[in-house]
Amino acid sequence: MVAVLHMLQAAALVSLCMKSEAFTSSSVTKIFALKSSSSQSNMMEMNDVADSITNSCPESFSSFLTSLLKTPGDPSEAKSLFWFSLGAGSGAGGIGLRAIPNIIDDYKKVQSLANSSPALGGETLNINPVAMLKFPEPLSVKDFEKVVKTSKNGATISKQSSNKSYLVSLGYVDQSDFLDSLKGCNALAAYAVFEAIAGGKGKVVSPIEFDEKLSIYKTPGGNDAFINDLQIATYTRLSSYIALFFLLGIIADFVIESYIYGWMSG
């Protein structure tokens, strides 16, 4: 998800700069021409041209919303912006759109873990309602503690994995391997523990970080540490989802707007 967001941000950022008056074909050509020479004077001139573009992309982003509302000056400019936005956006945007089914599948997977057995029941963990939006039911303290006590260390889980991925071969702990190693524990609690350890950033985690977090969860104050980590993980995921849809919206805005002003405004 992080890699997807970086690519979308790059596409959206360059598209924003395309609306800058300093971003012209001549300025870009000049940069490449000057870059071919290693002389000090040409390097300084190239930096000046690049700075003029950067400083106006757009107004150092202080008037971001105003830039979004800015319309192309004429049809030819709009057509150029359309083809650029379509090309840049189709690559990064396509990757972003392909991430959406994974988000939906992950949500469905968590919901399917409702009423998982075995479930020890009893007192539940006091977790922020926002952090529990993804989970179909409260997490039991006893289920959490059983997962933490039963879990093997990261190196052992990785060595016993049948996963052939590159990161697992380097010793990283995969979510599916972790869950498979805890068949006698509550599946929803096990999922939540891995989510907290990974910080909501993916489905693999380094064995060092895995062991450090797990050792903390086993201490007397481990419940509070787990709750805090799970809340941070949930907020991280939610913010990345919001950013994903926001950036997809920006790309769509540039493509649609430039098409309208390029071919339909006349």
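Criteria and cut-off values
Each chain has its residues counted from 1, following the order in which its sequence is written. Where local features are concerned, this predicted model is filtered to residues with pLDDT of at least 70; where side-chain atom pairs are given and counted, the filter is 80 or more; whole-chain, interface and lining totals use all residues. Excluding hydrogens and water, the side-chain figures rest on all heavy atoms present in the structure. Labels follow the DSSP assignment, with helices taken as runs of H or I lasting at least four residues and strands as runs of E lasting at least two, numbered in each case from the N terminus. Burial here depends on accessible area, computed with a 1.4 Å probe over protein chains only, as a share of the maximum for the residue type. Under 20% is buried, over 50% is exposed, and the range in between is partly exposed. By definition in these notes, contact holds between two residues if any of their heavy atoms fall within 4.5 Å. Computed with a 1.4 Å probe, the accessible areas rest on the Shrake-Rupley method; for each residue, only the protein chains presented here act as cover. By definition here, a helix of n residues has an expected span of 1.5 Å times n minus one. Identification of polar contacts relies on pairs of N or O atoms within 3.5 Å, with a donor-acceptor requirement for protein atoms, meaning one able to donate a hydrogen and the other able to accept it, and with residues adjacent in sequence counted only if both atoms are side-chain atoms. Pairing of aromatic rings covers Phe, Tyr and the six-membered ring of Trp, with a centre-to-centre limit of 6.5 Å; geometry is then stacked below 30 degrees between planes, edge-to-face above 60, and tilted otherwise.

Caption draft 1: Structural view of the overall build of the protein. The helix and strand inventory of the protein stands at 12 helices and 2 strands. Reading the protein from its N end, one meets helices and strands in the order α-α-α-α-α-α-α-α-β-α-α-β-α-α. Residue burial in the protein is summarised as follows: out of 266 residues, 41% are buried. Excluding contacts between residues fewer than 6 apart, the proportion of contacts in the protein whose partners are at least 24 apart in sequence is 72%. When the accessible surface of the protein is totalled, it reaches about 14,300 Å², and 61% of it is carbon and sulfur.

Caption draft 2: Spotlight on helix α10 (residues 187–198). With 12 residues, α10 should reach 16 Å at 1.5 Å per residue; the first-to-last C-alpha distance of 17 Å fits that figure. With respect to burial, α10 is a largely interior element, 11 of its 12 residues being buried. Those residues of α10 not exposed but buried are L188, A189, A190, Y191, A192, V193, F194, E195, A196, I197 and A198. Where α10 begins, the capping side chain belongs to N186, and its oxygen is found 3.2 Å from the backbone nitrogen of L188. Of the residues one or two after α10, G199 is the one with positive phi, at around 70 degrees.

Caption draft 3: Quick peek at the packing of aromatic side chains. Scanning the entire structure with this criterion turns up 11 aromatic pairs. Geometrically, the ring pair formed by F82 and Y259 is tilted, given 5.6 Å between the ring centres and 50 degrees between the ring planes. You can see F82 sitting in helix α5 (residues 75–111) and its partner Y259 sitting in helix α12 (residues 222–264), a full 177 residues away along the chain. Accessibility expressed as a relative area gives 38% for Y259, which makes it partly exposed. Their ring planes at 40 degrees and their centres at 5.7 Å tell us that F178 and F194 sit as a pair that is tilted.

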